[in-house]
Amino acid sequence: MPHIQPVGSCFFVTFRLYESLPKVESDKLKLKYQAQLYDLHKVINDKLRNEAIFSLRKHLFAKLDDLIDSTENGPHHLKNNEIRELVSKELFRFDGNLYNLIAYSIMSNHVHILIDTSIQLDEMKQEGIIENYVQLDQIMKRIKGPTAVYCNRKLGLSGKFWERESYDMYIRNEKMFNNVLLYILNNPVKAGIVNNWKDYPGNYCKP
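So, how was this worked out
Residues numbered from 1 in each chain as written. Predicted model: local features only at pLDDT ≥ 70, side-chain atom pairs only at ≥ 80, totals over all residues. Heavy atoms only, no water. Phe/Tyr/Trp six-rings, centres within 6.5 Å; stacked < 30°, edge-to-face > 60°. Helix = DSSP H or I, 4+ residues; strand = E, 2+ residues; numbered from the N terminus. Buried < 20%, exposed > 50% of the residue type's maximum accessible area, 1.4 Å probe, protein only. Expected span 1.5 Å × (residues − 1). Arc of directions from axis to C-beta. Pairing = 2+ DSSP bridges. Contact = heavy atoms within 4.5 Å.

### Some words on the packing of aromatic side chains
Here comes step 1: All chains considered together, the criterion is met by 7 aromatic pairs.
Here comes step 2: Seen in terms of ring centroids, Phe15 and Trp162 are 4.8 Å apart; in terms of plane orientation they differ by 70°. Their pairing is edge-to-face. Taken as a pair, Phe15 in strand S1 (residues 10-16) and Trp162 in the loop between helix H6 (136-155) and strand S4 (167-170) lie far apart in primary sequence, 147 residues in all. As far as burial versus exposure is concerned, Phe15 and Trp162 are alike and both buried.
Here comes step 3: Consider the rings of Phe161 and Trp162, whose centres lie 5.0 Å apart with planes at 90°: the pair is edge-to-face. One exposure class covers both Phe161 and Trp162, and it is buried.

This is how it looks when you write it as structure tokens:
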């Protein structure tokens, strides 16, 4: 999917374990999305086209997330408390520097995070801002690279740990921010793991 990553934005990002979703199912979703996206690009009005594409992305993500939550096959390494702690530690490593870590939910085979990268802009001078700003794709590499090494080492594994691609969406307004925050925290509730999001050890929300 196309990544739209405005400088200094707040982002909702989901990344998952390698082969955590059956390829047949993910390919079906991809083909359906590409066909619909092709049709939407024919819409002449820019505003209507962008809104329709944004809605399509949200719909696809909901389908994808449901599939990941419901799959019993594939790796579920993040159920392991030590592995979950390694991921959590790495998320906090860049908090207050590259981003403001607002919330996360570390599920058994995927992770949802909500981060605000505008904190970088506060520390930069107006001149040379683009050169100094660390883009979201680079932030995700700094998170996923070390965690892959640490988690594989802890599990006695080798090879790919995370899927290469992450799903990201920038937060457009306060309503969307609140909806995404609730979505992240209630992910383990939706999955039937706990009745209250505060009871799930893989959840975090900045006070």
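### A few points about helix H1 (residues 23-40)
Here comes step 1: Compared with the 26 Å implied by 1.5 Å per residue over 18 residues, the 25 Å span of H1 between its first and last C-alpha is a close match.
Here comes step 2: All of the buried residues along H1 are Ser26, Leu29, Tyr33, Leu37 and Leu40. The arc enclosing the buried residues of H1, seen along the axis, measures out at 65°, which places them on a common side. Relative to its buried face, H1 has exposed residues pointing more than 90 degrees away, namely Lys23, Val24, Lys28, Leu31 and Tyr38.

### Concerning the pairing of S1
Here comes step 1: Most of S1 sits inside the fold, with 7 of its 7 residues counted as buried.
Here comes step 2: Taking every second residue as pointing to the same face, both faces of S1 are buried, with Cys10, Phe12, Thr14 and Arg16 on one and Phe11, Val13 and Phe15 on the other.
Here comes step 3: As paired elements, S1 and strand S3 (residues 110-116) share 7 bridges and run antiparallel to each other. Bridged to Arg16 within S3 is His110.
Here comes step 4: Of the strand pairs in this sheet, S1 and S4 are connected by 4 bridges, and their pairing is antiparallel. When the sheet's bridge partners are listed, Phe12 is paired in S4 with Met169.

### Considerations on the side chain of Glu163
Here comes step 1: Mapping Glu163 onto the fold places it in the loop between H6 and S4.
Here comes step 2: By relative accessible area, which is 19% here, Glu163 ends up buried.
Here comes step 3: Residues in contact with Glu163, not counting those within four places in the same chain, are Arg16, Leu17, Tyr18, Glu19, Ser20 and Lys144.

### Points about helix H2 (residues 46-70)
Here comes step 1: Helix length check: H2 (25 residues) gives 36 Å between terminal C-alpha atoms against 36 Å at 1.5 Å per residue, within 8%.
Here comes step 2: Along H2, the residues that are buried comprise Arg49, Ile53, Phe54, Leu56, Arg57, Leu60, Phe61, Leu64, Asp65 and Ile68.
Here comes step 3: As for H2, its buried residues are in contact with S1, H1, S3, S4, helix H7 (174-185) and helix H8 (187-190).

Keep in mind that these numbers describe shape and distance, not what the molecule does.
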